[in-house]
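The primary structure of each chain is shown beneath.
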Amino acid sequence: EAVASLQIASQPSAYSDDDELADVDWDKLGFGLTPTEYISENRIQGIYEGTKAYRAEDGRILLFRPAQNASRMKHGAERMLMPSPSIQQFVDAVKETVFANKRWIPPPGKGSLYVRPLLLGTGPILGLAPAPEYTFIVYASPVRNYFKEGTAPLNLYIDEEFVRASPGGAGGVKSITNYAPVLKAIARAKERGFSDVLYLDAMNRKYLEEVSSCNIFIVKGNHISTPPTNGTILAGVTRKSILEIARVQGYQVEERAIPVDDLVDADEVFCTGTAVGVAPVGSITYQSKRIEFKTEGSLVSKELYSTLVGLQTGRIEDKKGWTVEI
Ligand code: COI
């Protein structure tokens, strides 16, 4: 695959033709910022969100738990020393964006409108310090399946060379810095024919963490487990919703450290995420061994996803107050 070319904006008129040195007291030069002629704008801090709007059969437009995303952005911003929109400002901006792009929301059953709120720190700064300016942007795009596999089971790869986050870091924050470094791991897994990478914990290289783009669940009989949100994995809104739905549907639900060895005994494995939805995993390859899981017949992941989608699209009555009508 071709790597996108780097576009460097050139604005010759912004440069001075003058070869003379600028008027600076060079002996007093420290590390404070001295404004120069030209700034190539750079991004310093960045956190983002993902949420979806659905067109219901009866014509309503529904958002799914947008306040959860707002609150995650707020917590993430605190961690990254960024000012953040209030819950209300965030939800209003999402509503406004969806409303203005209403005609791009796919018809029922054909996908959803993915909404991407983004908070960026920008501006002229050299040292390691919070940015002087912040921009909150919300944009949207109609989407359907995240993986090229469509709804077919995913084949995941545990690449032990890479970890996604470590204790004390910012793995629990939806920071752009958690996503750029995994691109290489994903590219290598794809070259080898896999769908995505499943990361192990940084300390022991033993416990499941998450996949590059989604959380992971394992099913054994009536038990459903997923790794706990202890700061190194993302507290997914879909993850949380599936945990609640599974409990109501009578499963024994557990958030626990899952040793990679538990995969051998798992009946089913699935991934959850706003972009991904609930995706069954057909295999996980670890240390050259391919472990396979059930992907046909009655699947726990299918049952849970059907309830989730039913709520999101208004087919199932929302008694939890999860949906927000626009
Ligand atoms: C989402 O699931 O909405 C995300 O933001 C994950 C991203 C890697 C697409």
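Just so you know, these numbers come straight off a predicted model, no measurement behind them. (Residues numbered from 1 in each chain as written. Predicted model: local features only at pLDDT ≥ 70, side-chain atom pairs only at ≥ 80, totals over all residues.)

## With respect to the overall build of the protein chain
For clarity, the threshold we go by: Helix and strand assignments come from DSSP, with helices taken as H or I runs of at least 4 residues and strands as E runs of at least 2, each series counted from the N terminus. The exposure label follows from counting other C-beta atoms within 10 Å of a residue's C-beta, where the C-beta atoms are placed from the backbone and the thresholds are 20 or more for buried and 12 or fewer for exposed, leaving partly exposed in between. Once C-beta atoms have been placed from the backbone, residue pairs whose C-beta atoms lie within 7 Å are recorded as contacts.
Of regular secondary structure, the protein chain possesses 5 helices and 15 strands. Along the longest, intermediate and shortest principal axes, the C-alpha atoms of the protein chain span 75 × 50 × 35 Å. When the 326 residues of the protein chain are sorted by exposure, 35% land in the buried category. Within the protein chain, contacts between residues separated by at least 24 positions form 69% of all contacts whose residues are at least 6 apart in sequence.

## With respect to the nonpolar core
Stated formally: Each nonpolar core comprises buried Ala, Val, Leu, Ile, Met, Phe, Trp, Tyr and Cys residues, the members being joined through C-beta atoms within 7 Å.
In terms of nonpolar packing, the biggest core is built from 44 residues, with Leu156, Val197, Leu198, Val269, Cys271, Val281 and Leu304 touching the most fellow members. Excluding residues that lie within four positions of it along the chain, Val197 makes contacts with Leu156, Tyr157, Asp159, Phe162, Val182, Ala185, Ile186, Ala189, Val211 and Ser212.

## Details of the pairing of strand S9 (residues 215-220)
Threshold: Strand pairing is assigned whenever DSSP identifies at least 2 bridges connecting the two strands.
Burial analysis of S9 places 5 of its 6 residues in the buried class, the great majority of the element. Here S9 pairs with strand S12 (residues 268-273) via 5 bridges, running antiparallel. In the strand pairing of S12, Ile218 is matched with Val269. Across 3 bridges, the pairing between S9 and strand S10 (residues 223-226) is antiparallel. If you follow Lys220 over to S10, its bridge partner there is His223. Hairpin connection, S9 to S10: the antiparallel pair is bridged by 2 residues, and Gly221 has positive phi, about 60°.

## Some points on the UniProt feature "modified residue: N6-(pyridoxal phosphate)lysine" (unreviewed entry) in the protein chain
What counts, and what does not: UniProt positions are given in the numbering used here, feature names are shortened, and annotations may be inferred rather than shown by experiment.
Residues annotated in UniProt with the feature "modified residue: N6-(pyridoxal phosphate)lysine" (unreviewed entry) correspond here to Lys174. Along the chain, Lys174 falls in the loop between strand S6 (154-157) and helix H3 (183-191). Those residues in contact with Lys174 that lie beyond four places of it in its chain are Ile47, Tyr48, Glu49, Arg72, Gly76 and Leu234.

## Some thoughts on the pairing of strand S14 (residues 289-292)
As paired strands, strand S13 (residues 277-286) and S14 are joined by 4 bridges and run antiparallel to one another. Bridging across to S14, Tyr286 finds its partner in Lys289. Following S13, the chain reverses through 2 residues before pairing antiparallel with S14; Gln287 in that reversal takes a positive phi of roughly 50°.

## Topic: helix H2 (residues 87-100)
Just so we agree on the cut-off: What a helix should span is 1.5 Å times the count of its residues minus one. Arc definition: directions from the helix axis to the C-beta atoms.
Here H2 spans 20 Å end to end across 14 residues, near enough to the 20 Å set by a 1.5 Å rise per residue. When H2 is considered as a whole, its buried residues turn out to be Phe90, Val94 and Val98. Each buried residue of H2 sits inside an arc of 65° when the element is viewed along its axis, so together they form one side. With respect to the buried face of H2, the exposed residues turned more than 90 degrees away are Gln88, Gln89, Glu96, Phe99 and Ala100. On its buried side, H2 packs onto strand S2 (51-55), strand S3 (61-64), helix H1 (66-79), strand S4 (112-122) and strand S5 (133-143).

## Quick word on unusual backbone geometry
In this structure, Arg65 takes a positive phi of about 45° despite not being glycine. One can find Arg65 in the loop between S3 and H1. Note on Arg65: 22 C-beta atoms within 10 Å, which makes it buried. Positive phi, close to 65°, is recorded for Ser288, a residue that is not glycine. By the secondary structure assignment, Ser288 is in the loop between S13 and S14.

## Quick look at the environment of Ser84
Inspection of the secondary structure assignment puts Ser84 in the loop between H1 and H2. Between the C-alpha atom of Ser84 and that of Leu119, which follows or precedes it by 35 residues, the distance is 7.5 Å. Residues contacting Ser84, with those up to four places away along its chain left out, are Met73, Lys74, Ala77 and Leu119.

## Focus: the site of the ligand
Heads up, the condition is: By convention here, the C-beta atom is placed from the backbone, and a residue is near a molecule or strand when that atom is within 6 Å of it. Gly counts as polar in this scheme, as do all residues outside two lists: the nonpolar Ala, Val, Leu, Ile, Met, Phe, Trp, Tyr, Cys and Pro, and the charged Asp, Glu, Lys and Arg.
In the region of the ligand, the neighbouring residues are Gly50, Tyr179, Ser213, Gly273, Thr274, Ala275 and Val276. Among the residues making up the shell around the ligand, the classes are represented as 3 nonpolar, 4 polar and no charged.

## A word on the packing of H1 against H2
Note the cut-off: Here an axis means a line fitted to C-alpha atoms, over the contact stretch when the element is a helix, while the angle between two N-to-C directions is reported on a 0 to 180 degree scale. What sets the label is the angle itself: under 35 degrees gives roughly parallel, over 145 gives roughly antiparallel, 65 to 115 gives roughly perpendicular, and the rest give oblique. Handedness of a crossing follows from how the near helix is turned relative to the far one, being left-handed for an anticlockwise turn of less than a right angle and right-handed for a clockwise one.
Remark: H1 packs on H2, axes separated minimally by 9 Å, with the N-to-C direction vectors making an angle of 130°. In this view, H1 runs oblique relative to H2, as classed from their interaxial angle. Considering only the axes of H1 and H2, their crossing is right-handed. Between H1, through Pro66, Ala67, Ala70, Ser71, Met73 and Lys74, and H2, the contact on the second element is made entirely by Ile87, Phe90, Val91 and Val94. A class-by-class count of the residues in the contact of H1 with H2 yields 8 nonpolar, 1 polar and 1 charged.

## Observations regarding the packing of helix H4 (residues 237-248) against helix H5 (residues 300-312)
Across the interface, H4 lies against H5 with an axial gap of 10 Å and an inter-helix angle of 110°. By the angle class used here, H4 and H5 are roughly perpendicular. Within the contact between the two elements, H4 uses Ser241, Ile242, Ile245 and Ala246 and H5 uses Leu304, Thr307 and Leu308.

## With respect to the confidence of the model for the protein chain
For clarity, the threshold we go by: Confidence of the predictor in every single residue is expressed as pLDDT, which spans 0 to 100.
The share of residues in the protein chain with pLDDT of 70 or more is 91%, and the mean pLDDT across the chain is 92. Contacts of residues 7-15 to residues separated by more than four positions or lying in other chains number 6 contacts, the stretch itself having pLDDT below 50. Across the predicted assembly, pTM comes out at 0.91 and ipTM at 0.98.

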